[in-house]
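Spelled out, the chains give:
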Amino acid sequence: MANGESIRRRRECMDCGYRFTSYERIEEKPFMVIKRDGRRQPFDAEKLAKGIERALEKRPVSTVTIEQLVTELENEAYLRGKNSREISTTELGEIVLQKLNELDKVAYIRFASVYKHFDNLEEFIEEVKYAGGTK
């Protein structure tokens, strides 16, 4: 998390020797997401990760890269909403779209097609042109 609010630990299973990383986070007031209809709900990094993973499914992007992307997105959300402890789904979605457009154009289009709720084919085509840099 941003500002060193988590502790990274390398661990090892004593039975099988498998090594893994765990993160311990300081819990404060919950960081909230403001939905389009005005409702607020706690920020859910797992939900964010699932959306990113779905967009990148069967794409040539490593698991490590996906984990780094999710961490970057989470940090960016916390930084942008640092003072108010909240971020809108619109702002969060735009951050995700920007990062995906830099990483993988197909994943960008997949995410945008769900996030932007296109009303017609022309809107979808315009988004594809934008992702390709021709808008």
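That block above? That's the structure.
To keep things clear, this report deals only with the structure shown in the data block. Residue positions within a chain follow its written sequence, with the count starting from 1. In keeping with the predicted nature of the model, local features appear solely for residues at pLDDT of at least 70, side-chain atom pairs appear and are counted solely at 80 or more, and the whole-chain, interface and lining totals rest on all residues. Excluded from the side-chain calculations are hydrogens and water; all other atoms, namely the structure's heavy atoms, are used.

A short note on the packing of aromatic side chains
Two aromatic rings are characterised by how far apart their centres lie and by the angle between their planes.
Line of reasoning, step 1. A pair of Phe, Tyr and Trp rings is counted when the ring centres sit within 6.5 Å of each other, with Trp represented by its six-membered ring. The angle between the planes then sorts it: under 30 degrees is stacked, over 60 is edge-to-face, the rest tilted. For the structure on display, the rule yields four aromatic pairs.
Line of reasoning, step 2. With centroids separated by 6.2 Å and ring planes inclined at 15 degrees, the aromatic side chains of Tyr18 and Phe20 adopt a geometry described as stacked.
Line of reasoning, step 3. For each residue, the accessible area found with a 1.4 Å probe, counting protein chains only, is set against the maximum for its type, and the residue is called buried under 20%, exposed over 50%, and partly exposed in between. Judged by relative accessible area, Phe20 falls into the partly exposed class, the value being 32%.
Line of reasoning, step 4. Judged by centre distance (5.5 Å) and plane angle (70 degrees), the ring pair of Phe43 and Tyr78 falls under edge-to-face. With a gap of 35 residues between them, Phe43 in the loop between β4 (40-42) and α1 (45-55) and Tyr78 in helix α2 (residues 63-80) connect regions that are remote in the sequence. There is no split in this pair, since Phe43 and Tyr78 are both buried.
Line of reasoning, step 5. An aromatic cluster is defined as three or more aromatic residues linked by ring pairs; in this entry it consists of Phe31, Phe43 and Tyr78. For the purposes of this entry, the term helix denotes a DSSP run of H or I that reaches at least four residues, the term strand denotes a run of E that reaches at least two, and both are numbered from the N terminus.

Quick notes on the side chain of Ser22
Line of reasoning, step 1. Within the fold, Ser22 resides in strand β2 (residues 19-25).
Line of reasoning, step 2. There is a polar contact of 2.7 Å between the side chain of Ser22 and the side chain of Arg11.
Line of reasoning, step 3. Contacts are assigned to residue pairs that have any heavy atoms within 4.5 Å of one another. With sequence-adjacent residues up to four places away left out, Ser22 is seen in contact with Ile7, Arg8, Arg9 and Arg11. Any N or O atom pair separated by 3.5 Å or less is treated as a polar contact, with the protein-specific requirement of one donor-capable and one acceptor-capable atom, and with residues adjacent in sequence counted only for side-chain atom pairs.

Points about the packing of helix α3 (residues 89-103) against helix α4 (residues 105-115)
Line of reasoning, step 1. Between α3 and α4, the least distance of the axes is 7 Å, while the angle of their chain directions is 160 degrees. Here α3 is positioned roughly antiparallel relative to α4, judged by the angle of their axes. The crossing of α3 and α4 is left-handed. Taken together, the residues of α4 that come into contact with α3 (itself represented by Thr89, Thr90, Gly93, Glu94, Val96, Leu97, Leu100, Asn101 and Leu103) are Lys105, Ala107, Tyr108, Phe111, Ala112 and Tyr115.
Line of reasoning, step 2. All amino acids are sorted into three groups, where Ala, Val, Leu, Ile, Met, Phe, Trp, Tyr, Cys and Pro are nonpolar, Asp, Glu, Lys and Arg are charged, and the leftover types, Gly among them, are polar. A per-class count over the contact of α3 with α4 returns nine nonpolar, four polar and two charged. Axis angles are defined between N-to-C directions and span 0 to 180 degrees, where every axis is a line fitted to C-alpha atoms and, for a helix, only to the segment in contact. Orientation labels follow simple angle bins: below 35 degrees gives roughly parallel, above 145 gives roughly antiparallel, 65 to 115 gives roughly perpendicular, and whatever is left gives oblique. Put simply, a crossing is left-handed when the front helix is turned counterclockwise from the back one by less than a right angle, and right-handed when it is turned clockwise.

All we've got here are geometric facts, nothing functional implied.
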